[in-house]
Amino acid sequence: MSEWLVLTIVMAAACAVVLVVTVLSQRRPRGTAAPVGLDEREAPETPDVLEYMVMMVGVVYAIVLGLAIAGVWEARGAAQDAVRTEAQALHEVTQRAQVYPADFRDQLRTDIDTYVSEVVEAEWPRMVDHEELSPRGTELLAAVRSDIAEREPKNELEAQAYQPMLDQVATAEDARNARAAGAGETLPGIVWFGLISGAVVTVGLIFTMQIGRSFRELLLAALFSALIAFLLFLVWDFDAPFGRSGSESADAFRQLFPTATGAGTGTG
């Protein structure tokens, strides 16, 4: 199901629940007259202490919700940094391999392209769905390291490029490990329990303020509930550091290795 469709359903459901409850709570049984001397447009005055409590609950929930959004946003940023670091390190290896003979250079680039293709096409869906990396990806990256480590430099230029290439492979391995550590969801279940419970309480406080059935009041109630639903959806969507579909989080590999990932092919 599309994330936009999920967002639309959640916001519409939140608005519908609030509006239905508001309308039903204001209905009087058929045949019941309004109290004598009481204007139908007048609502009982809300106690000051109740207004204060409603305000404080709203402020506290806003702070908690803001911290949750900041947390998942930071985790997503760190995950994307790890992806860019890994892709850039492997790209740097291919550039430094220019000083090596053509046969070794081609073999190294082939092994790197094979690893990148495995990461984007096979490992990424597994990481998004099962929060783990593939053993084959680990083996292919180890093969890249072996290509470099097992070949003794033949001249000064190769000797100068040898250690930096190994360092870049080590950087890619560290970034891969960071990617594995960030594959899971950021927020624990207890936090989600607090966010959802807080949303229910915050929206429920609308009915303690003696909200009426006028168009303005119903519109504000619907917008408020839709806003809460949207913010919760935002937290849920960002809670997956590499996205719910993973379609865009591997763009760094596609940009630096278009041939390996198929991004450079197509009909012109």
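Residues numbered from 1 in each chain as written. Predicted model: local features only at pLDDT ≥ 70, side-chain atom pairs only at ≥ 80, totals over all residues. Heavy atoms only, no water.

**Some words on the overall build of the chain**
Per the secondary structure count, the chain includes nine helices and zero strands. When the helices and strands of the chain are read in sequence order from the N terminus, they spell out α-α-α-α-α-α-α-α-α. Scored against the burial criterion, the 268 residues of the chain give a buried share of 35%. Summarising the internal contacts of the chain: among those between residues at least 6 apart in sequence, 80% fall at separations of at least 24. Of the roughly 15500 Å² that the chain leaves accessible, carbon and sulfur atoms contribute 60%. (Helix = DSSP H or I, 4+ residues; strand = E, 2+ residues; numbered from the N terminus. Buried < 20%, exposed > 50% of the residue type's maximum accessible area, 1.4 Å probe, protein only. Contact = heavy atoms within 4.5 Å. Areas by Shrake-Rupley, 256 points an atom, 1.4 Å probe, with all protein chains shown as cover.)

**Points about helix α5 (residues 156–181)**
In this model α5 runs 39 Å from its N-terminal to its C-terminal C-alpha over 26 residues, within 8% of the 38 Å that 1.5 Å per residue would give. Along α5, the sharpest kink reaches roughly 25°, centred on Tyr 162 and followed within four residues by the proline Pro 164. Turning to α5, its buried residues number three or more, namely Glu 158, Ala 161, Met 165, Leu 166, Val 169, Ala 172, Ala 175, Arg 176 and Arg 179. Where α5 starts, the residue carrying a side-chain oxygen 3.1 Å from the main-chain nitrogen of Leu 157 turns out to be Asn 155. (Expected span 1.5 Å × (residues − 1). Bend = angle between axes of the 7 residues up to and from the residue. Polar contact = N/O pair within 3.5 Å; in protein donor to acceptor, adjacent residues only side chain to side chain.)

**A few points about the pattern of salt bridges**
Opposite charge on two side chains permits them to pair, given that their charged atoms come into close proximity. This structure, assessed with the given rule, holds ten salt bridges. Residue Arg 84 pairs with Asp 81 through a salt bridge whose shortest N-O separation is 2.3 Å. Of this pair, Arg 84 and Asp 81 both sit in helix α2 (residues 48–96), three residues apart, roughly one helical turn. The exposure class of Arg 84 is partly exposed, given its relative accessible area of 44%. In this structure, Asp 251 and Arg 254 form a salt bridge, with 3.1 Å as the shortest nitrogen-oxygen distance. (Salt bridge = Lys/Arg side-chain N within 4 Å of Asp/Glu carboxyl O.)

**Let's talk about the confidence of the model for the chain**
In the predicted model, the chain carries a mean pLDDT of 82, and 81% of its residues have values of at least 70. For the chain, the element scoring lowest by mean pLDDT is helix α1 (residues 3–25), at 72; helix α4 (residues 135–149) scores highest, at 93. Note on residues 28–43: pLDDT is under 50 here. Beyond four places in sequence and across chains, it has four contacts. (pLDDT = per-residue confidence, 0-100.)

**Looking at the packing of α4 against α5**
As a packed pair, α4 and α5 sit with axes 9 Å apart at the nearest point and diverge in direction by 170°. Classified by the interaxial angle, the pair formed by α4 and α5 is roughly antiparallel. By crossing handedness, the relation of α4 to α5 is classed as left-handed. Taken together, the residues of α5 that come into contact with α4 (itself represented by Gly 137, Thr 138, Leu 141, Val 144, Arg 145, Ile 148 and Ala 149) are Tyr 162, Met 165, Leu 166, Val 169, Ala 170, Ala 172, Glu 173 and Arg 176. (Axes fitted to C-alpha atoms, helices over the stretch in contact; angles between N-to-C directions. Parallel < 35°, antiparallel > 145°, perpendicular 65-115°, else oblique. Left-handed = near helix turned anticlockwise from the far one by under 90°.)

**A look at a nonpolar patch on the surface**
Residues Tyr 52, Met 53, Met 55, Met 56, Val 59, Val 60, Ile 63, Val 64 and Leu 67 make up a contiguous nonpolar surface patch of about 860 Å² in total accessible area. Relative to the elements of secondary structure, Val 64 occurs in helix α2. (Patch = residues over 30% accessible without salt bridge, like charges linked within 9 Å, V, L, I, M, F, W, Y side chains within 5 Å.)

**Some remarks on the packing of aromatic side chains**
For any pair of aromatic rings, the description consists of the separation of the ring centres together with the inter-plane angle of the planes. Applying the stated criterion across every chain, the model contains five aromatic pairs. Ring plane angle 40° and centroid distance 4.7 Å describe the contact between Tyr 100 and Phe 104, whose orientation is recorded as tilted. Phe 104 carries the same exposure label as Tyr 100, and that label is buried. With 5.6 Å between their ring centres and 40° between their planes, Phe 233 and Trp 236 make a pair best called tilted. Linking Phe 233 with Trp 236, this pair stays in helix α7 (residues 215–238), spanning three residues, or about one helical turn. Here the aromatic cluster, defined as three or more aromatic residues joined through ring pairs, consists of Trp 124, Phe 242 and Phe 253. Residue placement shows Arg 151 over the ring face of Phe 104; its charged tip is 5.2 Å from the ring centre. (Phe/Tyr/Trp six-rings, centres within 6.5 Å; stacked < 30°, edge-to-face > 60°. Lys NZ or Arg CZ within 6 Å of the ring centre and 35° of its normal.)

**Considerations on the environment of Thr 138**
Mapped onto the elements of the fold, Thr 138 is located in helix α4. Taking C-alpha positions, Thr 138 is 8.8 Å from Glu 173, a pair spaced 35 residues apart along the chain.

**Comments concerning the nonpolar core**
Judged by nonpolar contacts, the single largest core of 35 residues is most densely connected at Leu 90, Leu 108, Val 116, Trp 124 and Phe 253. Every element with two or more residues in this core is listed here: α2, α3 (102–130), α4, α5 and α8 (251–256). In terms of residue count, the dominant contributor to this core is α3 (ten residues). Setting aside chain neighbours within four positions, we find Val 116 in contact with Leu 90, Phe 253, Phe 257, Ala 260 and Thr 261. Grouped together as the second largest cluster of nonpolar side chains are 16 residues, Leu 65, Val 72, Ile 228 and Leu 232 included. (Core = buried A, V, L, I, M, F, W, Y, C linked by side-chain atoms within 4.5 Å.)

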